[in-house]
Amino acid sequence: MTVYGNFPGSRPRRLRTTPTMRRMVAETRLDAANLILPAFVREGIDAPVAISAMPGVQQHTLDTLRKAAVDAVSAGVSGIMLFGVPADEKKDARGTAGTDPDGILQVALRAVRAEVGDDLVIMSDLCLDEYTDHGHCGVLTEDGRVDNDATLERYAEMAQVQADAGAHVVGPSGMMDGQVGVIRDALDQTGHEDVSILAYTVKYSSAFFGPFREAVGSSLQGDRKTYQQDPANARESLRELALDLEEGADMVMVKPAGPYLDILAKVADSVDVPVAAYQISGEYAMIEAAAEKGWIDRDAAILESLTGIRRAGAQMILTYWATEVGQRLLR
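It should be emphasised that the depicted structure is a prediction, and the values quoted were computed from it without experimental measurement.

1. Things to note about the overall build of the protein
Step number 1: Summing up its helical and strand segments, the protein has 11 helices and 10 strands in all.
Step number 2: A globule of 331 residues ought to have a C-alpha radius of gyration of about 20 Å, and the protein, at 21 Å, matches this closely.
Step number 3: Based on the C-alpha atoms only, the size of the protein along its principal axes is roughly 80 × 45 × 40 Å.
Step number 4: Here the protein holds 331 residues, and the buried ones make up 51% of them.
Step number 5: Partitioning the intrachain contacts of the protein with sequence separation of at least 6 by distance along the chain shows that 74% fall at a separation of at least 24.
Step number 6: In the form shown here, the protein has an accessible surface area of approximately 15,300 Å², with 49% of it arising from carbon and sulfur atoms.
Step number 7: Here the protein holds 32 positive side-chain charges and 49 negative ones, and the gap between their average locations is 11 Å.

Structural data, given as structure tokens:
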């Protein structure tokens with residue numbers, strides 16, 4: 001063998017020689033405490049309903065939702081984000097089921113809070129899209145546009161009833177201008193100063209939301225491009241970020257996660273508040289579908305995708321695999 005002095009002088013492979021060595025020098029660590037479980041609860045069902053586009057995910061009954069919350073606690077997961085799925089006949093133009101104290105989401109919040117108390121951070125999706133008969137995230141004008149300021153009034157009402165029902169955190173996801181400020185005022189004026197706001201600061205109009213439409217029984221007509229962000233834009237996200245922080249956001253989120261790791265990294269580098277990212281339904285479905293066909297190693301792909309999101313700067317990750325991965329990390 002020809003020896004060329006001490007070439008190569010630097011051998012990074014020395015730090016990859018064994019699993020224990022790789023674990024010791026890992027720059028990014030994924031922990032169950034980083035994870036938040038999104039969960040759907042559907043009104044009027046007596047057994048869980050499978051979501052065909054999201055294998056392994058279901059629309060819960062109140063009983064199975066309680067069990068999912070308990071399982072999440074046992075797995076070391078930090079939070080649960082609840083989405084309500086009302087009966088179709090309860091949807092209307094203003095999404096009134098979303099502000100009904102006895103609406104499905106508020107009932108679910110009370111049930112989960114009674115079941116797990118403060119052992120899980122209970123979060124609620126604050127948006128009208130599940131409750132409107134047109135499927136948009138706000139109130140419509142006569143010519144079919146989403147009325148930003150009229151929608152803010154509805155969000156203020158939603159924040160109050162969700163906080164009254166036991167939410168530790170509300171997550172305004174509608175991308176209305178000024179939503180964080182209006183919600184903060186509404187919470188503070190009704191004695192809910194301790195309820196936090198997880199702002200959906202960066203929410204792109206993404207094709208990867210597709211399976212979510214089935215999960216929440218969406219009635220969407222048209223698209224959401226006039227209020228969700230354009231995937232071509234990056235600087236716009238930092239503008240939205242500055243506005244949400246100025247209005248009082250306690251935490252901020254980037255959604256989707258995987259296709260927007262560059263945006264996530266920019267946001268994480270720019271703030272001193274906790275940063276979340278939502279690994280959405282389409283990201284979940286792609287891995288599950290490829291794994292079902294034997295094209296990828298499912299478990300390895302899940303952990304790799306979550307580690308990438310964590311590496312990009314997310315302290316909290318909303319993922320449908322939260323409980324499963326939490327259990328795996330505890331072993």
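Once you've had a look at it, read on.
2. A short note on the environment of T190
Step number 1: With respect to the helices and strands, the residue T190 is situated in the loop between α5 (179–189) and β7 (196–203).
Step number 2: Residues T190 and A300, spaced 110 residues apart in sequence, show a C-alpha to C-alpha distance of 46 Å.

3. Things to note about the side chain of D125
Step number 1: The topology assignment puts D125 in strand β5 (residues 121–126).
Step number 2: No salt bridge is formed by the buried D125; the nearest opposite charge belongs to K255, separated by 5.8 Å.
Step number 3: There is a polar contact of 2.8 Å between the side chain of D125 and the side chain of S173.
Step number 4: Apart from the residues lying within four places of it in its own chain, the contact partners of D125 are M81, L82, F83, L105, E130, Q162, G171, S173 and Y200.

4. Regarding the nonpolar core
In summary, soluble globular proteins display a tendency toward joint burial of nonpolar side chains.
Step number 1: Formed by 92 residues in total, the largest nonpolar core has its most connected members in I80, L82 and Y155.
Step number 2: Excluding its chain neighbours within four sequence positions, the residues that come into contact with I80 are I36, L37, A39, L65, A69, V112, L120, V121, I122 and M123.

About the criteria used
Residues numbered from 1 in each chain as written. Predicted model: local features only at pLDDT ≥ 70, side-chain atom pairs only at ≥ 80, totals over all residues. Heavy atoms only, no water. Helix = DSSP H or I, 4+ residues; strand = E, 2+ residues; numbered from the N terminus. Rg over C-alpha atoms; globule rule 2.2 N^0.38 Å. Buried < 20%, exposed > 50% of the residue type's maximum accessible area, 1.4 Å probe, protein only. Contact = heavy atoms within 4.5 Å. Areas by Shrake-Rupley, 256 points an atom, 1.4 Å probe, with all protein chains shown as cover. Lys, Arg positive; Asp, Glu negative; His and termini not counted. Charge placed at Lys NZ, Arg CZ, Asp CG, Glu CD. Salt bridge = Lys/Arg side-chain N within 4 Å of Asp/Glu carboxyl O. Polar contact = N/O pair within 3.5 Å; in protein donor to acceptor, adjacent residues only side chain to side chain. Core = buried A, V, L, I, M, F, W, Y, C linked by side-chain atoms within 4.5 Å.

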